[in-house]
Amino acid sequence: MDTPEVLSASARTLHTLPEDEPDLASMRAWAGALLEDLNEDVRLDVLLVCTELASNAYEHADAPRSVRVQRHTDFVRVEVDDHTPAELPRLGESRLGDSRGRGLILVAQLSRSWGTREFTGGKTIWAEIDV
């Protein structure tokens, strides 16, 4: 994988996730390189949000899956698409048991806002992190 250029304000880019095995390390390296000029604390928050949303897409939804990072002047927006429209996430709940369901709570704490958007055949989970 080629290293992407630093993502400037108002730029947007897409990373397609593998269908079978999650490669979250590659996704984190990609996003980290895009945002390498940000404050380290902010960059780490964005990477954690990317990881949580992408992990949820693997555990709870069908492929294809992709991650978008959009940088604005005062925030970074992370969007993860999947192709399971009917299963919208619920904060603090998991169909996988009581010991799960903390990822979105973490996303909510790190983000200024987050939400979902349905599209034909799928959904987007998004979060915005202040820079």
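Quick caveat: nothing in here was measured; it's all calculated off a predicted structure.

Basis of the calculations
Residues numbered from 1 in each chain as written. Predicted model: local features only at pLDDT ≥ 70, side-chain atom pairs only at ≥ 80, totals over all residues. Heavy atoms only, no water. Helix = DSSP H or I, 4+ residues; strand = E, 2+ residues; numbered from the N terminus. Contact = heavy atoms within 4.5 Å. Pairing = 2+ DSSP bridges. Axes fitted to C-alpha atoms, helices over the stretch in contact; angles between N-to-C directions. Left-handed = near helix turned anticlockwise from the far one by under 90°. Nonpolar A, V, L, I, M, F, W, Y, C, P; charged D, E, K, R; others polar. Core = buried A, V, L, I, M, F, W, Y, C linked by side-chain atoms within 4.5 Å. Buried < 20%, exposed > 50% of the residue type's maximum accessible area, 1.4 Å probe, protein only.

Participant: Kindly report on the environment of A31, identifying the contributing residues and their values.
Facilitator: Examined against the element boundaries, A31 turns out to sit in helix α1 (residues 24–34). With 19 residues separating them in the primary sequence, A31 and C50 have C-alpha atoms 8.2 Å apart. Aside from chain neighbours lying at most four places away, what touches A31 is L47 and C50.

Participant: Would you mind going over the sheet that holds strand β5 (residues 122–130) in detail, with residue names and values included?
Facilitator: Strand order in the open sheet made by the five strands is β1-β2-β3-β5-β4, with antiparallel pairing throughout. Of all strands in the sheet, those bounded by a partner on one side alone are β1 (12–17) and β4 (113–119). If you compare each strand with its neighbour and ignore which way they point, the axes differ by 20 degrees on average. Two elements, β4 and β5, share seven bridges in a ladder whose sense is antiparallel. Each residue of the ladder has a partner; that of W114, found in β5, is A127.

Participant: Residues and numbers for the packing of α1 against helix α2 (residues 40–60), please.
Facilitator: In the contact formed by α1 and α2, the axes pass within 10 Å of each other and the chain directions differ by 145 degrees. By crossing handedness, the relation of α1 to α2 is classed as right-handed. Counted together, L24, M27, R28, A31 and G32 of α1 and R43, L47, L48, C50, T51, A54 and S55 of α2 form the full contact between these two elements. When its residues are assigned to classes, the contact of α1 with α2 shows seven nonpolar, three polar and two charged.

Participant: So, the nonpolar core: which residues are in play, and what are the values?
Facilitator: In terms of nonpolar packing, the biggest core is built from 26 residues, with V46, L53, V67, V69 and V78 touching the most fellow members. Elements that contribute at least two residues to this core include exactly α1, α2, β2 (65–71), β3 (75–82), α3 (103–110) and β5. Top contributing element to this core by residue count: α2, with nine residues. Leave out the neighbours within four places in its chain, and L53 touches V78, V80, L104, V107, I125, W126 and A127.

Nothing here speaks to function; it is geometry throughout.
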